[in-house]
Amino acid sequence: MRAFTLSSLVIVAIAMPALGLGAKDTTAPHPTYNSDVGQILLDNCAGCHRPNQIAPMSLLSYQEVRPWARAIKSQIVKREMPPWFADPRFGKFSNDKSLSDGEVEKIVAWVDAGAPEGEGTAPEAPRFSEAGWSHPSGRDPDYVIDFPVEWQIGA
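Residues numbered from 1 in each chain as written. Predicted model: local features only at pLDDT ≥ 70, side-chain atom pairs only at ≥ 80, totals over all residues. Heavy atoms only, no water.

Turning to the overall build of the protein, a few remarks are in order. A count of helical and extended segments in the protein gives five helices and zero strands. What you see in the protein, going N to C, is helices and strands ordered as α-α-α-α-α. In the protein, which comprises 155 residues, the share counted as buried stands at 23%. Across the protein, contacts joining residues at least 24 apart in sequence account for 58% of those joining residues at least 6 apart. (Helix = DSSP H or I, 4+ residues; strand = E, 2+ residues; numbered from the N terminus. Buried < 20%, exposed > 50% of the residue type's maximum accessible area, 1.4 Å probe, protein only. Contact = heavy atoms within 4.5 Å.)

Structural data, given as structure tokens:
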């Protein structure tokens with residue numbers, strides 16, 4: 001009787017996946033730039049990765065991001081980008097640009113899928129000040145006071 005039960009279980013275990021029974025659907029669509037990854041990069045990277053800023057390349061569009069996909073993956077997995085040096089034990093900061101685990105996983109899955117652009121409209125790049133100000137709002141300051149004497153700051 002025991003041999004019959006064990007062999008029945010083996011047959012059922014083999015037949016279920018073949019018939020599509022009990023198997024989870026693992027064919028979920030891959031993340032795309034337009035629907036998943038673009039907004040993450042624009043929100044967390046574009047402040048520095050744009051023309052005339054400190055980062056070496058601009059990441060404001062899919063065309064600019066795509067050649068750097070593998071490098072982006074490498075840097076975010078190591079948590080070197082976006083840079084954030086505040087110790088999380090001492091609070092949550094409003095200007096924290098570090099990525100959540102879910103955002104990192106989404107970008108990694110996107111790169112591993114070949115960094116597809118996807119269907120639909122790409123997310124719109126933020127507008128930044130024409131004068132080069134780096135306020136989080138992207139706006140120019142309300143008022144600028146010029147210092148009355150020239151001042152040099154050493155390296």
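Here the narrative resumes, following the displayed structure.
Take the packing of aromatic side chains next. Under the criterion given, the structure shown has four aromatic pairs. Clustering of aromatic rings is evident, with ring pairs tying together Tyr-33, Tyr-62 and Trp-110. (Phe/Tyr/Trp six-rings, centres within 6.5 Å; stacked < 30°, edge-to-face > 60°.)

The next point concerns the pattern of salt bridges. The final tally for this structure, using the stated rule, is four salt bridges. The shortest N-O distance in the salt bridge between Lys-73 and Asp-112 comes to 2.6 Å. One end of the pair, Lys-73, is in helix H4 (residues 69-77); the other, Asp-112, is in helix H5 (residues 101-112), and 39 residues separate them in sequence. The class for Lys-73 is partly exposed, based on a relative accessible area of 25%. Asp-112 gets classed as exposed once you look at its relative accessible area, which sits at 54%. Across the salt bridge formed by Asp-87 and Arg-89, the nearest N and O atoms sit 2.6 Å from each other. For Asp-87, a relative accessible area of 28% gives the class partly exposed. (Salt bridge = Lys/Arg side-chain N within 4 Å of Asp/Glu carboxyl O.)

All right, on to the side chain of Thr-32 then. Position of Thr-32 among the secondary structure elements: in the loop between helix H1 (2-19) and helix H2 (33-44). Among the polar contacts made by the side chain of Thr-32, one reaches the side chain of Ser-35 at a distance of 2.6 Å. Not counting residues within four places of it along the chain, the set of residues in contact with Thr-32 comprises Val-37, Trp-110, Pro-116, Glu-117 and Gly-118. (Polar contact = N/O pair within 3.5 Å; in protein donor to acceptor, adjacent residues only side chain to side chain.)

What follows deals with the state of the cysteines. All chains considered together, the criterion is met by zero disulfides. Here Cys-45 stays unpaired: no disulfide links it, and the sulfur of Cys-48, its closest cysteine neighbor, is 8.8 Å away. Accessibility expressed as a relative area gives 13% for Cys-45, which makes it buried. (Disulfide = S-S within 2.5 Å.)

What follows is about the environment of Asp-43. Here Asp-43 shows up in helix H2. For the pair Asp-43 and Lys-97, spaced 54 residues apart in sequence, the C-alpha separation works out to 8.0 Å.

Where H2 contacts H5, the axes come no closer than 10 Å and their chain directions differ by 125°. Between H2 and H5, the interaxial angle falls into the category oblique. Relative to H5, H2 is oriented so that their crossing is left-handed. In this structure, H2 uses Tyr-33, Asp-36, Val-37, Ile-40, Leu-41 and Asn-44 to contact H5, whose residues at the interface are Glu-103, Lys-106, Ile-107 and Trp-110. Grouping the constituent residues of the contact of H2 with H5 by class yields six nonpolar, one polar and three charged. (Axes fitted to C-alpha atoms, helices over the stretch in contact; angles between N-to-C directions. Parallel < 35°, antiparallel > 145°, perpendicular 65-115°, else oblique. Left-handed = near helix turned anticlockwise from the far one by under 90°. Nonpolar A, V, L, I, M, F, W, Y, C, P; charged D, E, K, R; others polar.)

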